[in-house]
Structure formats: C-alpha cells, structure tokens
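# Descriptive structure summary
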Amino acid sequence: MSDDYYYKIGTSTIDTNKLIALAKEESLWNDYYEFKVKKVPDELLQEDFFISWLRKKYDIGFGILKIHANSCYPWHRDGMRRTAINMLLTVGSHSHCIFNTDPTGNSFTHGIVDLAYEPSTFYAFNTTIPHEVINFEVDRYVLSTEFMGKNVALSYQQLINDIKSEYLRGL
Ligand SMILES: [Fe+2]
C-alpha cells in the first residue's frame, strides 16, 4: 500500500474510554462542516508522547468528530484542511472510511481504498483526496486534528515527511 491516501503512524497511550465518555456527554457539540465536533481538553491528551511531539512542532488543536448512526458523509475533499491526524475511537462498530482512487473524483465507477482503522492507532490522512465515511449502527467518534495559525496550510506530504524524519527517527 502506498502512502498516497493515509499513513499509519503508531499506537497511542491515550485512554480512549475517557474520550468516548466525553463524546457521550450530550453537551458541548458544535457544528464543523457536516460533522459535530467537541473540543478535547488538554488534560485528556497530555500522557501521549506523539501528541506532545505534535504540540511542540505545530500549531494544532484536537477534537472529537461525530457522525450519527446509520448515516454517511458522502464524497468530498476537506475545505480548508489539507491534512489531519485521526484515531477512530469506536473501533469494532461497523463503519467505513474509503478513498477514491480516481484523483479527479469524477468517474462514475472507480476504485476505493479502505482505511481500516486499528484500535488506539494514529493515522495521517490525506484530506485532499476524495473520501467518504459510511456509518452503521452506532454513533461514530474520531479523534481528529486541525492545523492552525502558521501551520494552517500544512500539506499531507510535509506532515508525513516530518513524522518519518523527525518523530519516528527519534523513537
Ligand atoms: Fe473529510
């Protein structure tokens, strides 16, 4: 598998149960494109080494994205976001995140690449490639990022180059 669509970074030490508990509180959801988003307080993320590295290097925020049960977020490229780092919190529930292998996104039939999220695992995500999320029986929660300020235009390629040359090499 090439890194064109996503890149598996590594596992996380975050307590995902605490994030899911935060997600399940009814309050505090805001609209974010077609998703609902809930900001994650710093104290729930402090223990993770990779997130500490991200915070030192980039201007970055963290939130939980929600898609309701039995719904989909159809083919799109993200608006402002050129890349993101994602961790699926509801692994084991039935959902798919797929990329379109036709870079134009215009073909009626086309190949797909499935991002089969593993538990407690971070992935860099190429949000400039058309992608779709299909979700089934329960609400789906993803920990995701937004690069801001001086890093708002950070590209997927630059992000994974930084991760490979600086983060992974330093482990
Ligand atoms: Fe997206």
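Up top is the structure.
Residues numbered from 1 in each chain as written. Predicted model: local features only at pLDDT ≥ 70, side-chain atom pairs only at ≥ 80, totals over all residues.

### Remarks on the pairing of strand β3 (residues 35–39)
- Pairing between strand β2 (residues 30–32) and β3: 3 bridges, direction antiparallel. Its bridge partner lying in β3, N30 is registered against V37.
- Taken together, β2 and the strand that follows it, β3, pair antiparallel across an intervening segment of 2 residues, in which Y33 is found at a positive phi of about 50°.
- Here β3 pairs with strand β4 (residues 60–67) via 4 bridges, running antiparallel. Directly across from K38, in β4, lies its bridge partner I64. (Pairing = 2+ DSSP bridges. Helix = DSSP H or I, 4+ residues; strand = E, 2+ residues; numbered from the N terminus.)

### Regarding the sheet that holds strand β7 (residues 95–100)
- Reading across from one edge, β5-β10-β7-β8 is the order of the 4 strands in this open sheet, with antiparallel pairing throughout. Of all strands in the sheet, those bounded by a partner on one side alone are β5 (71–76) and β8 (112–114). The sheet shows a mean angle of 20° between the axes of neighbouring strands, taken without regard to direction.
- As judged from the 5 bridges shared by β7 and strand β10 (residues 131–135), these two strands associate in the antiparallel manner. Among the inter-strand pairings, S95 is bridged to a residue of β10, identified as N135. (Axes fitted to C-alpha atoms, helices over the stretch in contact; angles between N-to-C directions.)

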